Amino acid sequence: MPRQSVLVLNAGSSSLKYQVVDPLDGLVSTAGNVERIAESGMNAALTQLTGALDSAGVTSSDLVGVGHRVVHGGARFTAAAVVDDAVLAEVEELARLAPLHNPPAVDGIRHARAEFPDLPQVAVFDTAWFADLPIASATYALDAEVVARGGLRRFGMHGTSHAYVAAEAARFLGLAPTELDVVTLHLGNGASAAAVSRGRPVDTSMGLTPLEGLVMGTRAGDIDPGVLLHLLRHDGFDLDKLEDLLHHRSGLQGLAGLHDFRDLLNAVDSGDERAGTAYAVYCHRLRKYVGAYLAVLGGADAMVFTAGVGENVPRVREDALRGLGALGIEIAPELNRAASSIARRISSDGSRVAVLVVPTNEELAIARQVVDVLR
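Residues numbered from 1 in each chain as written. Predicted model: local features only at pLDDT ≥ 70, side-chain atom pairs only at ≥ 80, totals over all residues. Heavy atoms only, no water.

Topic: the overall build of the protein
Note the cut-off: We count a stretch as a helix when DSSP gives it H or I for four or more residues in a row; a strand needs E for two or more, and each element gets its number in order from the N terminus. All radius of gyration figures rest on C-alpha atoms, and the globule criterion is 2.2 Å times the number of residues raised to 0.38. Three labels apply to residues, based on accessible area from a 1.4 Å probe with only protein chains included: buried if under 20% of the type maximum, exposed if over 50%, partly exposed otherwise in between. Here the open area of atoms and residues is found with the Shrake-Rupley method and a 1.4 Å probe, where only the protein chains shown may cover a residue.
When its secondary structure is counted, the protein shows 16 helices and 12 strands. Taken against the 2.2 N^0.38 rule, which gives 21 Å for 375 residues, the C-alpha radius of gyration of the protein at 21 Å falls within 12% of a compact globule. Principal-axis analysis of the C-alpha atoms places the extent of the protein at approximately 55 × 55 × 45 Å. Within the protein, the fraction of its 375 residues that count as buried is 51%. Carbon and sulfur atoms form 52% of the exposed surface of the protein, whose accessible area is close to 16600 Å².

Now the structure itself:
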């Protein structure tokens, strides 16, 4: 193949996802997921990866670079960046804002630099797309000196996905991104919403960290901070115990003891009361954000569901949007329930807001940013 593809790596705490993709046409040469890297280590995962590339006939000479998904870029990284020692050190320092996500990305970058020394490594940040949020959206109403000293602001996450599906929604509707106001809903184990006006985000549900906003698989989303003070003062919690609660024992997992949506819905249908409550809370929070972002935008032309739950669980889409006809949103049940893996409209002909399901493609979006920054 000509030297134009990008190796995209998404390193997590337990797996390393990879894809070799052509940023021009989206053609994927090879892709996979190395599991249980916590047991074998990142070096062993990279060894498996290079073996898979060899089997697919992909060599370093076929690649223009390696793109790494990094969740948090803080205030420093407002666009993708070629990685050198200084950049890597800063990404590592930002683990204080994304303690579950940035450390494995740093580990992946460090090992990939050693494994592919002749290729430029590029960090692509989930927060970058939200760097220019309006001040009213980005600002926390805390003591101004505390905010300035700590660099506290709402950064947002999943920006690569939100940007991609907002642009794809415009293309699906035959419009330029600058002609569209859209609410985008990235619903996976982590979940976030964004309000996008004329191609730029004006609000999003995640904040300083990935803990704010929608109910997620293991994270609660929005919560009264007084609850946290109460736990610290009166319930024997320390900072480590509180962090574990917020990241691992909240959201659907905390409410129902389940965070996989298939398991959750099976439990709901079997009459499990905890699962029913968890599902109701999940849909209620989603519905609130849809209404709030329609208000922020002054109405929308479209709304988009994407990611694992958003793309594949029609029941969530139907239940969360039920009864919103007064807001211009009407789901067509037969369209919503039809199985498909391509971008599609699921709203009725009479719906003023076009409701779409658009598969996200973060790997392709990362590959395009890699090429752009290397230019």
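Next comes the rest of the description.
Some thoughts on the sheet that holds strand β10 (residues 302–306)
Defined as follows: Two strands are said to pair when DSSP picks up at least two bridges between them. Here, two residues are considered to be in contact whenever any of their heavy atoms come within 4.5 Å of each other. As a rule, the C-alpha atoms of each element are fitted with a line to give its axis, helices using only the stretch in contact, and angles between N-to-C directions run from 0 to 180 degrees.
Taken together, the 6 strands give an open sheet; going across it, the order is β9-β8-β7-β10-β12-β11, and neighbouring strands pair in mixed fashion. The open sheet terminates on both sides in strands that have one partner only, identified here as β9 (200–204) and β11 (344–345). Taken together, the 4 bridges between β10 and strand β12 (residues 354–357) define a ladder with parallel strand orientation. The partner of Val304 across the bridge, within β12, is Leu356. With respect to the sheet, helix α12 (residues 273–297) is in contact with β7 (181–187), β8 (191–197), β9 and β10, its orientation differing from that of β7 by roughly 160°. This element, helix α14 (residues 314–321), spans β7, β10, β11 and β12 of the sheet and lies at about 145° to β10.

A few points about the pattern of salt bridges
Going by this rule: Salt bridge, as used here, is a side-chain nitrogen of Lys or Arg placed within 4 Å of a carboxyl oxygen of Asp or Glu.
Here the structure, examined in full by the defined rule, presents 17 salt bridges. The shortest N-O distance in the salt bridge between Arg322 and Asp319 comes to 2.8 Å. Taking relative accessible area as the criterion, Arg322 reaches 45% and is therefore assigned partly exposed. Of the residues examined, Asp319 reaches a relative accessible area of 22% and is grouped as partly exposed. Ionic pairing is found between Arg375 and Asp372, a salt bridge with its closest N-O pair at 3.1 Å. On the basis of relative accessibility, which here comes to 73%, the residue Arg375 falls in the exposed class. Counted as one network, the salt bridges with shared partners bring together Glu318, Asp319, Arg322 and Arg337.

Description of the side chain of Asp203
Put simply, the rule is: Two N or O atoms count as a polar contact when they lie within 3.5 Å, although within protein this holds only if one can serve as hydrogen donor and the other as acceptor, and sequence-adjacent residues are included solely when both atoms are side-chain atoms.
Structurally, Asp203 can be placed in strand β9. Polar contacts involving the side chain of Asp203 include one to the side chain of Ser137, which spans 2.9 Å. Other than its neighbours up to four places away in sequence, Asp203 contacts Leu133, Ser137, Arg154, Ala193, Ala194, Ala195, Tyr293 and Val296.

A few points about unusual backbone geometry
One non-glycine residue, Arg198, lies in the positive phi region at around 55°. Position of Arg198 among the secondary structure elements: in the loop between β8 and β9. Phi is positive for Ala307, close to 75°, though the residue is something other than glycine. As for its position among the elements, Ala307 is in helix α13 (residues 307–312). We classify Ala307 as buried; its relative accessible area is 7%.

A few points about the sheet that holds strand β3 (residues 28–35)
What the 6 strands build is an open sheet, ordered β3-β2-β1-β4-β6-β5; its pairing is mixed. With one partner strand each, in any of the chains shown, β3 and β5 (81–82) form the two edges of the open sheet. Pairing of strand β2 (residues 15–21) with β3, which is carried by 7 bridges, proceeds in the antiparallel orientation. Each bridged residue has a counterpart across the sheet, and for Val21 the counterpart in β3 is Val28.

Description of α14
Among the residues of α14, Val316, Arg317, Glu318, Ala320 and Leu321 are the ones counted as buried. Taken from the residues just after α14, Gly323 is the one with a positive phi, measuring 80°.

Digging into the pairing of β9
Relative to β9, β8 is paired through 4 bridges, and the arrangement is antiparallel. Bridge assignment links Ala195 to a residue of β9, and that residue is Asp203. Here β8 hands over to β9 after 2 residues, with Arg198 in that stretch at a positive phi of 55°.

A word on the pairing of β12
Of the two faces of β12, the one holding Ala354 and Leu356 and the one holding Val355 and Val357 are both buried throughout. Of the pairings in the sheet, the one linking β11 to β12 comprises 2 bridges and is antiparallel in character. Among the inter-strand pairings, Arg345 is bridged to a residue of β12, identified as Leu356.

Description of the packing of helix α8 (residues 225–234) against helix α9 (residues 239–248)
Note the following rule: We call two directions roughly parallel when the angle between them is under 35 degrees, roughly antiparallel when it is over 145, roughly perpendicular when it lies between 65 and 115, and oblique otherwise. Crossing chirality is assigned from the near helix's rotation relative to the far helix, an anticlockwise turn below a right angle marking it left-handed and a clockwise turn marking it right-handed. Residues are grouped as follows: Ala, Val, Leu, Ile, Met, Phe, Trp, Tyr, Cys and Pro are nonpolar; Asp, Glu, Lys and Arg are charged; every other residue, Gly included, is polar.
Taken N-terminus to C-terminus, the directions of α8 and α9 make an angle of 140°; their axes are 10 Å apart at the nearest point. By the angle class used here, α8 and α9 are oblique. When the axes of α8 and α9 are compared, the crossing they make is right-handed. Each of Leu228, Leu231 and Leu232 in α8 lies in contact with α9, whose residues at this interface are Leu239, Leu242, Leu245 and Leu246. Residues of the contact of α8 with α9, tallied by class, amount to 7 nonpolar, no polar and no charged.

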